[in-house]
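# Examination of the molecular architecture
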Amino acid sequence: MALNRLHNFPVLPGTQRLADLIAPLRKEPPPTPQPAQGFFTDTSLCIGCKACEVACKQWNQLPATAPTWSGSSYDNTQQLSATTWRHVQFIEQIGRNGGRNVPPNLPLFEDRIETAKSNGTIPATPPRTALPFFNSDRWLMQSDVCKHCAHAPCQEACPTGAIIRTEFDTVYVQQDICNGCGYCIVTCPFGVIARDEHGDHLAHKCTLCYDRLKDGLEPACAKACPTDSIVFGEVAQLKEQARQRLGTLHERGLSEARLYGVDEAILDGGLNSFFLLLDEPELYNLPRNPQRPSNNVAPASLWTIVTAMLLGLMGIIYFRARE
Amino acid sequence: MEQLASLTTGYTPDPAKEQQELTYYDYPVLKAPFWRWEIIWYFFLGGLAAGCYVIASIASLFGSKEDRIVTRTGYYLSLLALLPCPALLIKDLGRPERFLNMLRIFKLKSAMSMGVWSLLSFSLFSGVTATIQAARDGLLGKWWGAKLLAALPQKLLALLGSPFAVFLGGYTGVLLAATSVPLWSRSKHLGAIFVSSAISTSAALISFVLRIVGAPAKTLHKLEQMEWLALLVEMGELLIFLRGSGRAARALVGTGPNEHGYTFWRFMFGGGLVLPWLLQTLLLLGRRSHGAKRRLKQKDGVKSTQRQRGGIGLLISLLVLMGGYFLRRTMIEGGRSSSRDGRVALWHGRG
């Protein structure tokens, strides 16, 4: 773009090269900030169809991963990677509560079968009753994705400035700036961002469909989700929606349901892409309370400086010593 | 070794209990670092470059006339160790041709950005200081340029460059501590370990060279005292690190599959730290009694200005250098195992 202006003049040889070389240094005026956008992934609605995985791959033109058979569940994708930005987990909980089928704390829908037989009509299920064949075995599904943390460790670590916060307050890797140093990969507490070892050797992760957002569209995964387990919207509004949904689930007896990343506890500011879980976070491979890596810089530096000063001082004493 | 691991970390594996912990099919939570030999050697050589500069500067600013040999050797070795560093770092990048992008920004929050800038600034100091040294040693000939260089204030540069050297020697540990890898980030002492190792390996390298070319016994004694103390501090810091890391340190000290305890205890903590420290202690104690005898001799009119060569000090130096290398190697490889262990990452994530 900077070159367009030059075209009116005779272009010296090497100008193009020079322009390419200094292009990464050019600072463009930032776009006007928009309200923060994010995902609310409600795992209580997920049916494990993997439409999000497919939609994400299609829209972002990500190559298919070589098929592997995990042998543990229907989850053969197994992890988020440089070329998989949505990943559906399957958690099979057989024999929970030590194999006992403990129904939720609700009246059972019982003794109606006999009534039905004699009446010839099936009575309607009154609200807030548990069915008599209640089974506590269950199958949890979750569509995992980049958390777009409010204080993103990958963004804080990035030494080139390739990882930025967009005008939508999402975390985005500028592919033309990244040089594949790999520091972001070890700082992400969720194992999201990864380097594409078979492709361009650069760091990749969910962009929250930055290109679609620019055009006023919702991200591909949210668009494709048939049960609205993945909801896209303004973070503040989504958080309110998540709290309401949690209230409803608690009311219906799902006392283990919880929100993950909605409050500001995780990484000193919460997540812009957060979850409603039906069980402990560890079951979903989510660390309960990960620490913000950049918080370690100050104490680690302090110990380093103290040690260096001690050794330096003693060195001075040793070298000054006259026999 | 298992007992050592339990004793130092204060953690004994309890498979029955840990099997009860919730996980997702034991899949890794974190992505493993792909840093390999380039980074291990960069950490090692960067430490040497930093440590040699600091020791040379201390000898130049505070040492006696005889200690100038430390200054000279230190500055040359610092530059030599520094030369391969940028190449190693660039080779490690996914896209090496984009290494200049590191210099787009100056980011206090990113340890790697700060490291790049410190490496760049320190290279300037190390290069200029070593060139002045070469000019003063007559290596650059006798033309006016060499004379001008020799007249530059080397001591002032040493004073300004030393903080950058310390930064280079320690930031690597801070960089690893500011990650989500349990082994690296649980305890916050990795920077302190790396900086003391930078001093101990550098003192070992300088005294190794001096013992080959020959140096005044008094000067060697000063160097070895410094090496002895750095080893002691390193040992203390490592023990604090292991205790503070607890279960997260298993990848480093344990002897199970994917754990690096055998290498760590044999070549780092045992052979590369405790053994050379003990030998150094014996040597220093021995010299003290020897020195007393010599002083008696001096009274009798025998002057002792002879240069010392060889000796067990050479072996000590080699052991310390080996320990310094294996410290970096086991830390990097242990970090990889640590981030692949889903249970440890979830345990670490509980805060």
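Each remark here, short or long, concerns the structure printed above.
Everything numeric here is computed off the predicted structure, so don't read it as measured data.

Attention now moves to a nonpolar patch on the surface. Taken together, the side chains of A:L18, A:L21, A:I22, A:L25, B:F99 and B:L100 present a nonpolar region at the surface, about 580 Å² in accessible area. For A:L18, the location among the structural elements is in helix α1 (residues 15-22). Judged by its relative accessible area of 52%, A:L18 is exposed.

A complete count under the given rule lists 26 salt bridges over all chains for this structure. Here A:R288 ties to A:E282 by a salt bridge, and the two come within 2.7 Å at their closest N and O atoms. Looking at A:E282, the relative accessible area reads 2%, which means it is buried. The partner of B:E224 in a salt bridge is B:R211, and the shortest N-O contact between them spans 2.7 Å. Of this pair, B:E224 sits in helix α11 (residues 217-245) while B:R211 sits in helix α10 (residues 190-213), placing them 13 residues apart in sequence. For the residue pair B:E224 and B:R211, the accessibility class agrees, reading buried in each case. Several salt bridges share partner residues, and in doing so they unite A:R258, A:E280, A:E282, A:R288 and B:R350 into one network.

This part covers the nonpolar core. Grouped together as the largest cluster of nonpolar side chains are 159 residues, with contacts concentrated most on A:Y183, A:F190 and B:W35. Ignoring anything within four residues of it in the chain, the contact list for A:F190 reads A:K147, A:C149, A:Y260, A:I266, A:L267, A:L271, A:L286, A:P287, A:P290, B:V29 and B:L30.

This paragraph deals with the side chain of B:K31. Mapped onto the fold, B:K31 is located in the loop between α2 (15-18) and α3 (37-62). For B:K31, the side chain forms a polar contact with the side chain of A:Q79, separated by 3.2 Å. One polar contact links the side chain of B:K31 to the main-chain carbonyl oxygen of A:L80, over a distance of 2.7 Å. Setting aside chain neighbours within four positions, we find B:K31 in contact with A:Q79, A:L80, A:S81, A:I185, A:G191, A:V192, A:I193, A:A194 and B:S339.

The rules behind each value
Residues numbered from 1 in each chain as written. Chains lettered and ligands numbered in written order. Predicted model: local features only at pLDDT ≥ 70, side-chain atom pairs only at ≥ 80, totals over all residues. Heavy atoms only, no water. Patch = residues over 30% accessible without salt bridge, like charges linked within 9 Å, V, L, I, M, F, W, Y side chains within 5 Å. Areas by Shrake-Rupley, 256 points an atom, 1.4 Å probe, with all protein chains shown as cover. Salt bridge = Lys/Arg side-chain N within 4 Å of Asp/Glu carboxyl O. Helix = DSSP H or I, 4+ residues; strand = E, 2+ residues; numbered from the N terminus. Buried < 20%, exposed > 50% of the residue type's maximum accessible area, 1.4 Å probe, protein only. Core = buried A, V, L, I, M, F, W, Y, C linked by side-chain atoms within 4.5 Å. Contact = heavy atoms within 4.5 Å. Polar contact = N/O pair within 3.5 Å; in protein donor to acceptor, adjacent residues only side chain to side chain.

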